[in-house]
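A structural walkthrough
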Amino acid sequence: MIKKTLITTAIDYANDVIHIGHAYEKILADAFARYQRLINGKENVGFVTGTDEHGTTNEKAAKKLGIETQKHVDNISDQNKKEIDALDISYNRFIRTTDEDHKKVAADFFKKSFDNGDIYKGSYEGLYCEGCESYKTLTELNENGQCTLHTTREIQKYQEENYFFRWAKYSDILKTLVLSERFVLPDGKKKEMLSFIENGIQDIPVTRPKYKLPWGITCPIDDSQVIYVWFDALINYFTYGSENNLWDNETEIVHFVGKDIARWHVLLWPAMLASVGYKLPTTIYVHGFINLEGEKISKSKGNVIKPSELVNKYGVDAVRYYFLRYGPIVEDVDISVKHLEDVYNGELANGLGNTVARIAKLAQNSGIDFGDFDFATFSGDDLKMFDQFHDFRVDLVIQNIWKKLSLLDKHINENEPWKIKDQDKLKEVLTYEVGEIRNITKILGPFLPSTQKKIEAVFNKSFIKVGENLFPRL
Ligand code: ME8
C-alpha cells in the first residue's frame, strides 16, 4: 500500500499581514513536507497552507479601512502569500476560504452534517471574542472580563438565532481519540485537551445571522445565515485533500497548529468529520508560541516583524535555520534579533559556511579526483539522521546534523590537510572530509533548500570548485 501524506498549517486570518510568529508554523510544516517528499516521493505528498478570510475580524478590519471586505482580504492574502514565498515554503496549494471550490465543499459538508441530524436550529445568548472568533464562558475570561489571549479587544455579547452543531454527542469518541497514541502530539498536550472534554463539551453555534454578519459562506439550509468561520475554515483541509486524492485510508493526515487553536483541531474538527463519516486526521502537532524579547508579538505592542524583513537582511535559509533550530517546537520560546545574529555568525557563517569553504579550497588545490556523488539516493545511515522527524523534533534533527558538522571541523583541525606533503595521506584525509560534507549536504534539503543546492553545485562533480560565500559574516 502506498503511503501518502497530507500536511497542513493553520490558515491565517486575513485581517492583517502575518508576522514571524505565524511564519514559524509554515517553516516547520515545510521542513516536514520536504522530508516526506524525500522518503515517499513528491507525488505522494500534499502540502496546503493559505488564508482564512471570512468572519468578524476580517470584516471589521476592512470596515476600519473603509474598503470592501473582498478587496481587503484579496490584498492581505496576496501579501501573506508573498511573505510565505519569501520563506521558500513549498506548498502545493495556497488555499483561500473565499475560493469558489472551497465555498462549495464547505456548504456541502454543512448540509451533510445537517442531513445526518447533527445540526439543529436554536438560539445563543452569551459571550464572543472576535480575536479568537470564539464563543466564551465567563470562566474563560480574566478578572477584567477580557479574553486572556486578546486583552485589547472588548468581549461581545451575542443574543441571536442560529444553528447548533451537536458537539456534545461526540465527547466519548473524542476522549478515546485524545487518549490514543499520536493523535495529539506532543504528549504533554493530551491533558489540556482531556480537561476540555471533562469540563463538558457543549453544542456550539455553527452559523451567524446574515443581518449581523453578511461576510461568510451562505448556509445551505437557511440563506438568512452564514456558516460560522471556524466551521468553514477547518474544512479547507478537506477541500484540498478530497480534491487531490488525499483524504482516504492510505493517507496520513498531519495538521500543524499553534497552541491557541489546538482545541478546534483536536476536538471540533474530528467531531465534524465523524458527523459526515469522513476519515479523521492522523496527528495534530501542537507547537508553542514565539515571543520577541520577552513580549507577546502584537501590533499594539509595536513589535511586529514580517518574515520578509528578516529574509531581506539575513537570507532565507538563515531565517529558516534559526526558527527550525530555536523555534517553539514544544514550549514557547523567546527570540531576539541579537540571538539570530549570534546564531548566524556562529552556526552558519562559521559553522556550515566556513567548513564548506575550507574543504572546497583544500580539495580544489589538491588536484585530486574525488569522483561523482549521488545526492539523491539515501542510505540507511542518511535516513537515520532524520529519525527524530518521527516525533516532529526538527530541532533535534538539525542539532544532530550540526554535531556531525562540528566533528568534521575537528577532523580538519586535527589533521591539518594544508600541511600534508604525502599525496596518499592527503588523498585519504580529503576523501573522508569531502565524503562527509557531501553526506551532510544530502540531508540539508528539508531545512536549507537553496543552500543545499549551492553546496551540491560545489561538490557535485569530480572537479570541486570554490563557490560563493554561503553566509557572509555580519
Ligand atoms: O487562528 N508564535 O489564525 P491566526 C507561534 N485563522 N505561532 C503563532 C504566533 C506566535 N507568536 N502567533 C500566531 C487562526 N501563531 C485561524 C486558524 S485554521 C483552520 C484557522 C499561529 O492568523 C497560531 O497559533 O490567528 C496559528 O496556528 C497560526 O499562527 C495562525 O493564526
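So, how was this worked out
- Residue numbers run consecutively from 1 along every chain, following the written order of its sequence.
- For this predicted model, a pLDDT threshold of at least 70 governs which residues receive local features, and a threshold of 80 or more governs which side-chain atom pairs are given and counted, while totals over whole chains, interfaces and linings are taken from all residues.
- Side-chain figures throughout are based on the complete set of non-hydrogen atoms in the structure, without hydrogens or water.
- Whether a residue is near a molecule or strand depends on its heavy atoms: if one lies within 4 Å, it is near.
- Counted as a polar contact is a pair of N or O atoms within 3.5 Å, where, for protein atoms, one must be capable of donating a hydrogen and the other of accepting one, and residues adjacent in sequence contribute only when both atoms are in side chains.
- Here the accessible surface of atoms and residues is derived via Shrake-Rupley with a 1.4 Å probe, and residues count as covered only by protein chains that are part of the display.
- Counting from the N terminus, the helices are DSSP H or I runs at least four residues long and the strands are E runs at least two residues long.
- Amino acids outside the nonpolar list (Ala, Val, Leu, Ile, Met, Phe, Trp, Tyr, Cys, Pro) and the charged list (Asp, Glu, Lys, Arg) are all regarded as polar, and Gly is one of them.
- Should a side-chain nitrogen of Lys or Arg be within 4 Å of a carboxyl oxygen of Asp or Glu, the pair is scored as a salt bridge.
- Exposure classes here rest on a 1.4 Å probe applied to the protein chains alone. A residue is buried below 20% of its type maximum, exposed above 50%, and partly exposed in between.
- Domain boundaries shown here were taken from an automatic or database domain assignment.
- The contact criterion used throughout is that any non-hydrogen atoms of two residues lie within 4.5 Å.
- Buried area adds together the accessible area that both of two parts lose upon being put together, with accessible area traced by a 1.4 Å probe.
- When DSSP finds two or more bridges between two strands, those strands count as paired.

1. Focus on the site of the ligand
Neighbouring residues of the ligand: 22 residues in total, closest Ile-11, Glu-25, Asp-52, Asp-260 and Ile-290. One of the side-chain N or O atoms of Asp-52 is found 2.7 Å from a nitrogen atom in the ligand. In isolation the ligand offers 660 Å² of accessible surface; the protein chains occlude 94% of this area. For the shell around the ligand, the secondary structure elements donating two or more residues are β2 (12–13), α1 (20–40), α7 (229–234) and β12 (251–258). Grouping the constituent residues of the shell around the ligand by class yields 11 nonpolar, 7 polar and 4 charged.

2. Concerning the pattern of salt bridges
For the coordinates displayed, the defined rule picks out 38 salt bridges. When the shortest N-O distance is used, the salt bridge between Lys-111 and Asp-115 registers 3.0 Å. Note that Lys-111 and Asp-115 are positioned in helix α4 (residues 100–115) at a spacing of 4 residues, about one turn of the helix. Judged by its relative accessible area of 49%, Asp-115 is partly exposed.

3. With respect to the domain arrangement of the protein chain
Annotation of the protein chain at the domain level lists domain 1 (4–287) and domain 2 (336–459). The gap between the C-alpha centroids of domain 1 and domain 2 is 41 Å. Opposite the 15 residues of domain 1 that make contact, domain 2 presents 14 residues. Among the residues domain 1 hides against domain 2, the three largest losses belong to Tyr-35, Leu-38 and Arg-182. Together they make up 39% of the total. In this structure, the connection of domain 1 to domain 2 is made through 1 salt bridge. The partner of Arg-182 in a salt bridge is Asp-391, and the shortest N-O contact between them spans 3.8 Å.

4. Digging into the pairing of strand β1 (residues 4–9)
For β1, a buried count of 6 out of 6 residues is recorded, marking the element as mostly surrounded by other parts of the structure. Across 6 bridges, β1 lies against β12 in parallel orientation. In the sheet register, Thr-9 faces β12, and the bridge partner there is Phe-256. As defined by bridge partners, β1 adjoins strand β3 (residues 45–52) across 4 bridges and the pair is classed as parallel. Bridge pairing in β3 places Leu-6 opposite Gly-46.

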